[in-house]
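What follows is each chain in one-letter form.
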Amino acid sequence: MKKYKEHLAYLYNMHEDFKDEFTSILNWPLMPTEFEAAWKRLMDKYNLHDDATMVAMWNKRERWISAYFKEIFYAKMTSTQRSESMNYVLKKNFVSERQNLHRFVTQVNSCVKTRRQIENQETMGNRKAQNTLTFYGFDTQMAKLYSRAVYSEIRKRLKLSTLFTATEMEEPTKYLVRYNNPQKLSAWAQHAFQVVADPVGETYECECRLWDHTGIFCVHVLCMMQTIKATSVPEKCILRRYTKRPNIQPTFNRNDLRTVASNKASQYCIESSLLTLNMTVHRKSLRSQEQMVRSRVVMDKLEQELDAMHSAENGGVADNEAIE
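Thresholds, definitions, all that
- Residues numbered from 1 in each chain as written.
- Predicted model: local features only at pLDDT ≥ 70, side-chain atom pairs only at ≥ 80, totals over all residues.
- Heavy atoms only, no water.
- Pairing = 2+ DSSP bridges.
- Helix = DSSP H or I, 4+ residues; strand = E, 2+ residues; numbered from the N terminus.
- Axes fitted to C-alpha atoms, helices over the stretch in contact; angles between N-to-C directions.
- Parallel < 35°, antiparallel > 145°, perpendicular 65-115°, else oblique.
- Left-handed = near helix turned anticlockwise from the far one by under 90°.
- Contact = heavy atoms within 4.5 Å.
- Patch = residues over 30% accessible without salt bridge, like charges linked within 9 Å, V, L, I, M, F, W, Y side chains within 5 Å.
- Areas by Shrake-Rupley, 256 points an atom, 1.4 Å probe, with all protein chains shown as cover.
- Salt bridge = Lys/Arg side-chain N within 4 Å of Asp/Glu carboxyl O.
- Buried < 20%, exposed > 50% of the residue type's maximum accessible area, 1.4 Å probe, protein only.
- Phe/Tyr/Trp six-rings, centres within 6.5 Å; stacked < 30°, edge-to-face > 60°.
- Lys NZ or Arg CZ within 6 Å of the ring centre and 35° of its normal.
- pLDDT = per-residue confidence, 0-100.
- Core = buried A, V, L, I, M, F, W, Y, C linked by side-chain atoms within 4.5 Å.
- Nonpolar A, V, L, I, M, F, W, Y, C, P; charged D, E, K, R; others polar.

Draft legend 1. The arrangement of the pairing of strand β3 (residues 193-198) in detail. Of the pairings in the sheet, the one linking strand β2 (residues 174-179) to β3 comprises four bridges and is antiparallel in character. Residue pairing for β3: L176 is matched across the bridge by Q194. Turn length for the β3-strand β4 (residues 203-206) hairpin, with the two strands adjacent in sequence and antiparallel, is four residues, and the turn residue E202 shows positive phi of about 55°.

Draft legend 2. Up close: the sheet that holds β2. The strand order across the open sheet built from four strands is β1-β2-β3-β4, with neighbouring strands paired in antiparallel fashion. Of all strands in the sheet, those bounded by a partner on one side alone are β1 (164-168) and β4. Averaged over all neighbouring strand pairs, the angle between strand axes comes to 25°, with direction disregarded. By the bridge criterion, five bridges tie β1 to β2 in an arrangement that is antiparallel. Directly across from T167, in β2, lies its bridge partner L176.

Draft legend 3. Region of the structure containing the packing of helix α2 (residues 18-27) against helix α3 (residues 32-46). It is at 10 Å that the axes of α2 and α3 come closest, and there the two elements cross at 165°. The angle between α2 and α3 falls in the class roughly antiparallel. Crossing of α2 over α3 shows left-handed handedness. Across the interface between the two elements, F18, E21, F22, I25 and L26 of α2 pack against F35, A38, W39, L42, K45 and Y46 of α3.

Draft legend 4. The arrangement of a nonpolar patch on the surface in detail. Together, L101, F104 and V105 make up an exposed nonpolar region whose accessible area comes to about 300 Å². With relative accessibility at 65%, the residue L101 sits in the exposed group.

Draft legend 5. Highlighting the packing of aromatic side chains. Applying the stated criterion across every chain, the model contains eleven aromatic pairs. The interplanar angle of 10° and the centroid separation of 5.4 Å between the aromatic rings of F18 and F22 together place this pair among those described as stacked. With a gap of four residues between them, F18 and F22 both fall in helix α2, about one helical turn apart. Here F18 falls in the buried class, since its relative accessible area comes to 0%. Centre to centre, the rings of W39 and W58 are 5.9 Å apart; their planes meet at 35°, and the pair counts as tilted. Separated by 19 residues along the polypeptide, W39 in helix α3 and W58 in helix α4 (residues 52-59) bring together distant segments of the chain. Under the relative-accessibility criterion, W58 is labelled partly exposed at 25%. Members of the aromatic cluster, connected to one another through ring pairs, are Y12, F18, F22, F35, W39, Y46, W58 and Y68. If you follow R61 out to its NZ or CZ, it ends over the ring of W58, 3.9 Å from the centre.

Draft legend 6. Structural view of the pattern of salt bridges. All chains considered together, the criterion is met by nine salt bridges. Note that D44 and K40 form a salt bridge whose closest N and O atoms lie 3.2 Å from each other. Of this pair, D44 and K40 both sit in helix α3, four residues apart, which is roughly one turn of that helix. Among the salt bridges present, the one from R98 reaches E97, with a minimum N-O distance of 3.6 Å. Residue class for R98 comes out exposed when judged on its relative accessible area of 69%.

Draft legend 7. Here's a closer look at the confidence of the model for the protein chain. Overall, the predicted model of the protein chain reaches an average pLDDT of 82, with 84% of residues at or above 70. Averaged pLDDT values over the elements of the protein chain bottom out at 66 in helix α10 (residues 187-190) and peak at 94 in helix α12 (residues 219-227). Here residues 320-324 is a poorly scored stretch, pLDDT under 50, and it has two contacts once near neighbours within four places are set aside; other chains count.

Draft legend 8. Main features of the nonpolar core. The biggest cluster of nonpolar side chains holds 34 residues, and the ones touching the most others in it are F138, M142, Y146, F217, V221, M225 and V233. Counting only elements with at least two residues in this core, the list comes to α8 (137-145), α9 (148-161), β2, β3, β4 and α12. Sequence-distant contacts of M142, defined by excluding residues within four places in its chain, comprise Y151, I154, L222 and V233. Of all hydrophobic cores here, the second largest spans 20 residues; its members include F22, M57, I65 and A67.

Draft legend 9. Inspection of the packing of helix α1 (residues 5-14) against α2 at higher detail. Running from amino to carboxyl end, α1 crosses α2 at an angle of 125°, the nearest separation of the two axes being 8 Å. One finds that α1 runs oblique with respect to α2. On the side of α1, the interface is formed by L8, L11 and Y12, while α2 contributes F18, K19 and F22. Taken together, the residues that form the contact of α1 with α2 break down as five nonpolar, no polar and one charged.

Draft legend 10. Summary view of unusual backbone geometry. The phi torsion at E202 lies on the positive side, around 55°, for a residue other than glycine. Tracing the sequence through the fold places E202 in the loop between β3 and β4. A positive phi angle, close to 55°, is found at K229, a residue other than glycine. Looking at where K229 falls in the secondary structure, it is placed in the loop between α12 and α13 (267-285). A residue is classified by how much of its surface remains accessible, and K229, at 55% relative accessible area, is exposed.

Here's what the structure looks like:
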C-alpha cells in the first residue's frame, strides 16, 4: 500500500466514497471469491479497469490480501515489520547521515534505552485493572488476562459486534451471523458467516478464520459469545503472547551470558526459578502450623546439605569464611 499511496491519495480526492469502499474490501474478512467479486464491482463503479496502479495491485493480490492466506498464523505481523519499524524510529528521532560513528553509537544506545523505558511503562500499566465494556464473564476474563494493547482491540471489536445479528441453524451449536444492514453494497455486509459456538465443548470457530490468522477473536465470534452469554473463554483460545505476562521464566536470557547448565539456562533464569519456588513453598507453609513446622525441618536439613557441599568444594572453608 505504501508503494501506491500517492496514486491512491489521488483517487481518494477524485472520488468521494472510493476510500471507504476500498478499505472495507481490504479490511473486512471476505472469502477469496467474494473479494474478487467486490473488487470487480468497485472497478466497474469507478471505471478503473485500465488504471495501472489498480491493475498492479490486482495482479499481486494473493501476496497481500488476507483472504488468500487465512489459514496461516502471522500474529498481526508483516515479514519486515521489526527491521523496518526500528529503522524508521532510528532515522526519525536519533540518527542522521551527518553524524560521525561515535555519535551514531551513542544515539543507538539512547534508542535502546528509550525502547526499554517504554516497555517498562507498558509493563507497569498492565498491572492496573482494565475497565470492561460489558459485564459478561468472558469480557471480564479477557480484560484480566490480555495486555492493554490487545484488550483495546478486543473492546473495539466488541463494540462492532453489536452491529451483527445471530440466527440459529439446524445443528444446536452452529449459527449464522450477519450484518444488521445487509442492504449496503459492501460485500462483507451481504455475507452470513457460519459460527460454531459450543461453550461446553470449548469450541468457538468462524468461517472467516480470523482467529487462525491472528489469534484474536473476530466480531462474529464475539457477537455469538454475547448472544449465548458465555461465562469464560477457553484457555486454549488465549495465546500467551497476547497476555500481560508473555515471558514467564524463559529458558535463556540473551542479556545474561553467564551460562551454567548444559541446556544453556542462564544464571539469571536459575536464580529466578529458585526464588519463585522459595516463595511458593513459603506461601504453602502458612496454611497450617504443621506445614510450617515441616517446612522448617526440611529447609534446615537442606541448608546443612548445601553448607556441606560448599565446604567440600572450597577445601573445608565454611560459608562465612569463603572469599567472594
